[in-house]
Amino acid sequence: MHEVGLMQEALLIALAQAERNGAARVHALTMRIGALAGVEVEALRLALQVVTADTAAEGAALHLEAVPVCCWCSECECTFRPNDSVFRCPHCHHLSDDIRQGREFDLIAVEIS
Amino acid sequence: MSEPGDSMQPSHRVLHLHERVLGRNQEQAALNRELFRQAGVTVVNVLSAPGSGKTALLERTLTDLKSDVRAAVIVGDLATDNDARRLCRSGAPIVQITTGTLCHLEASMIARAWNELDLAALDLLFIENVGNLVCPAAFDLGESLRVVLTAVTEGEDKPLKYPTLFKTANIVLVTKLELADACGFDRSAVRKNIGEIAPQAEIIELSARSGHGMAAWYTRMRGLIHAYG
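Cut-offs used in this document
Residues numbered from 1 in each chain as written. Chains lettered and ligands numbered in written order. Predicted model: local features only at pLDDT ≥ 70, side-chain atom pairs only at ≥ 80, totals over all residues. Pairing = 2+ DSSP bridges. Helix = DSSP H or I, 4+ residues; strand = E, 2+ residues; numbered from the N terminus. Axes fitted to C-alpha atoms, helices over the stretch in contact; angles between N-to-C directions. Expected span 1.5 Å × (residues − 1). Buried ≥ 20, exposed ≤ 12 C-beta atoms within 10 Å, placed from the backbone. Arc of directions from axis to C-beta. Contact = placed C-beta atoms within 7 Å.

Quick rundown of the sheet that holds strand 4 (residues 78-80) of chain A? Include the residues and the values.
Residues and elements named next belong to chain A. Taken in spatial order, the three strands line up as 4-3-5 in an open sheet, and their pairing is antiparallel. Strands at the two margins of the open sheet, each flanked by one partner only, are strand 4 and strand 5 (99-101). Averaged over all pairs of adjacent strands, the angle between their axes in this sheet comes to 40°, without regard to strand direction. Here strand 3 (residues 70-73) runs beside strand 4; their pairing, made up of three bridges, is antiparallel. Bridge assignment links W72 to a residue of strand 4, and that residue is T79.

Here it is in structure tokens:
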């Protein structure tokens, strides 16, 4: 359970951006969360409520964009999306350890006024 | 997925960013890595669930390598310095980080802890992370290598249950091998599971208690020092 710390970090970035842009309020955060980011979405939502209390982002909405895992198969020289946590190429069944997408934990937009 | 502008009031505006939330940790980890490189210290991040044998592994490793490897440990725990006191018996330099409620170590904590160590007098630095198979996965500390432990007492399916962490491992150690028979542990099943979840990882089975398999671990650590040092 480290979602509170992660959201605290996201909030600091959002508040700094709001201030830099002369805004008094943060109304929403949009984040991209990779399937391998190791965070629980429900815990993130709860964490946002906790960390935004008494800040310019109090009551802010959280929009989440889920990023699926995408791997590179060195045999077929193509990317593929695994169905589960065994990253086996659907064409040649080679196991991939080359993860091209899915570890994201990014703040991509803030709604301010 | 809803977008921030879906029902946006006219006075609101949207700033588009591309900020990695863990950006600060990643920057500090890069600084740590550069400092360790300049000092010629190989840094090994040791991760597992609580009770998989991290401290026992390091206790024996420090003692057995003492004659030819200058090693130290930074050890993270939520509370108590029990692990640090166990490790201190080897005579190696030990730095305890007590994280309080935090379930993992971060790069900035390592940066503070290294001030207590004489890096110029070290070949190998182990970081014993907080016992946790979830949270530490996303936090780069600046290490050269990640080692994940799974004990035979935990069953064969830990890699299947916690794939995110196992996928970051360079080496997986199957520990407490002396208990394998008593637990009815299936060694080929755990190898298959690790191989499927973490095909990049080297697997070493060992027992810090009996010493079985420790030679392979030491060979690997000595090879690392040679490669990074």
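With reference to specific residues and values, describe helix 2 (residues 41-52) of chain A.
Residue and element names in this part refer to chain A. End to end, helix 2 covers 17 Å across twelve residues, agreeing with the expected 16 Å (1.5 Å per residue, within 8%). The set of residues buried in helix 2 consists of L44, A47, L48, V51 and T52. Mapping the buried residues of helix 2 onto a view down its axis gives an arc of 110°, with all of them on the same face. In this structure, helix 2 carries E42 and V50 as exposed residues pointing more than 90 degrees from its buried face. Buried residues along helix 2 sit against helix 1 (3-20) and strand 2 (61-67). Positive backbone phi, approximately 60°, marks D54, located one or two places after helix 2.

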